[in-house]
Amino acid sequence: MARGDLADEQWAVLEPLLPRGKKPGRPPTWTRRQLIDGIRFRVRTGIPWRDMPEQYGPWGRAYDLFRRWQRNGTWQRIFTQLQARADAKDLITWDLNVDSTVCRAHQHAAGARKRGTCGRSRPAALPSSPMTTGWGVRAAA
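Residues numbered from 1 in each chain as written. Predicted model: local features only at pLDDT ≥ 70, side-chain atom pairs only at ≥ 80, totals over all residues. Heavy atoms only, no water.

### Here's the deal with the overall build of the protein
Argument step 1. On a plain count of helices and strands, the protein comes out with four helices and zero strands.
Argument step 2. Ordered by position from N to C terminus, the α and β elements of the protein give α-α-α-α.
Argument step 3. Burial status across the protein gives 17% buried among its 141 residues.
Argument step 4. Here the analysis covers contacts within the protein between residues at least 6 apart in sequence; of these, 50% occur between residues at least 24 apart.
Argument step 5. Surface summary for the protein: the accessible area is close to 12,400 Å², and the carbon and sulfur share equals 53%. (Helix = DSSP H or I, 4+ residues; strand = E, 2+ residues; numbered from the N terminus. Buried < 20%, exposed > 50% of the residue type's maximum accessible area, 1.4 Å probe, protein only. Contact = heavy atoms within 4.5 Å. Areas by Shrake-Rupley, 256 points an atom, 1.4 Å probe, with all protein chains shown as cover.)

Laid out in structure tokens, this is it:
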């Protein structure tokens, strides 16, 4: 077990919240605990997925699990259930904090460009028609 990996007590709380596997058959080579520890390691350190240590399993398998659970809402459901459990034990203090700090931008960054400061240096070309040449003079008929 590495320094940031889940302890046995933490895993005992988390394991019942995980979705059950749907496929019967051969057990996976890499356990969910290893893959979840790998996902936690990657999120905690910010390393690229491909640089994940081998002890957590193949980076592609951990990434697939992470993205699949992210898309179907599993991570959000786990978070909500853990939060509700902590709230029931009064481990969360729900304080409201309103920050009224104002951060002013520099005067030049405060709005859009003023008219005329960034205008064109020459007038726009007249639209060409069959009756005009490239010089803006009517062709003789």
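There is more to say, and it comes next.
### Topic: helix H2 (residues 32-45)
Argument step 1. In this model, H2 (14 residues) spans 20 Å end to end at C-alpha, consistent with the 20 Å of a helix rising 1.5 Å per residue.
Argument step 2. Check the buried side of H2 and you find it contacts helix H1 (8-14), helix H3 (59-71) and helix H4 (74-88).
Argument step 3. Two residues or fewer past H2, Gly 46 is found with a positive phi of approximately 80°. (Expected span 1.5 Å × (residues − 1).)

### Observations regarding H3
The periodicity of an α-helix, 3.6 residues per turn, causes residues three or four places apart in sequence to face the same way.
Argument step 1. An ideal rise of 1.5 Å per residue puts 18 Å on 13 residues; H3 measures up with 18 Å between its terminal C-alpha atoms.
Argument step 2. Turning to H3, its buried residues are Ala 62, Leu 65, Phe 66 and Trp 69. Buried positions in H3, seen along its axis, are confined to an arc of 95° and lie on one side of it.
Argument step 3. Lining the buried residues of H3 we find H2 and H4.
Argument step 4. Remark: Gly 73 follows H3 within two positions and exhibits a positive phi of approximately 85°. (Arc of directions from axis to C-beta.)

### Here's the deal with the side chain of Thr 74
Argument step 1. Along the chain, Thr 74 falls in helix H4.
Argument step 2. Looking at Thr 74, the relative accessible area reads 6%, which means it is buried.
Argument step 3. Once you skip the residues sitting within four places of it in the chain, Thr 74 turns out to touch Pro 19 and Trp 69.

### Notes on unusual backbone geometry
Argument step 1. Notably, Asp 90 is not glycine yet its phi reads approximately 55°, a positive angle.
Argument step 2. Summarising the element assignment, Asp 90 is placed in the segment after H4.

### Here we look at the nonpolar core
Argument step 1. Of all hydrophobic cores here, the largest spans 17 residues; its most connected members are Leu 14, Leu 18 and Ile 36.
Argument step 2. Counting only elements with at least two residues in this core, the list comes to H1, H2 and H3.
Argument step 3. Discounting chain neighbours no more than four positions away, the residues touching Ile 36 are Leu 6, Trp 11, Leu 14, Leu 18, Leu 65 and Trp 69. (Core = buried A, V, L, I, M, F, W, Y, C linked by side-chain atoms within 4.5 Å.)

### What about the packing of aromatic side chains?
Argument step 1. With the rule as written, the count across this model stands at five aromatic pairs.
Argument step 2. Between the aromatic rings of Trp 49 and Phe 66, the centroid separation amounts to 5.5 Å while the plane-to-plane angle is 45°, which identifies the pairing as tilted. On the criterion of sequence distance, the pair formed by Trp 49 in the loop between H2 and H3 and Phe 66 in helix H3 is long-range, its members being 17 residues apart. As far as burial versus exposure is concerned, Trp 49 and Phe 66 are alike and both buried.
Argument step 3. Within the aromatic cluster, the residues linked to one another by ring pairs are Trp 49, Tyr 63, Phe 66, Trp 69 and Trp 75. (Phe/Tyr/Trp six-rings, centres within 6.5 Å; stacked < 30°, edge-to-face > 60°.)

### Quick word on the packing of H2 against H3
Argument step 1. Look at H2 against H3: their axes get within 9 Å of each other, and the N-to-C directions meet at 80°. Between H2 and H3, the crossing angle belongs to the class labelled roughly perpendicular. Contact with H2, carried on its side by Arg 32, Leu 35, Ile 36 and Ile 39, involves Arg 61, Ala 62, Leu 65, Phe 66 and Trp 69 of H3 and no other residues of that element.
Argument step 2. Grouping the constituent residues of the contact of H2 with H3 by class yields seven nonpolar, no polar and two charged. (Axes fitted to C-alpha atoms, helices over the stretch in contact; angles between N-to-C directions. Parallel < 35°, antiparallel > 145°, perpendicular 65-115°, else oblique. Nonpolar A, V, L, I, M, F, W, Y, C, P; charged D, E, K, R; others polar.)

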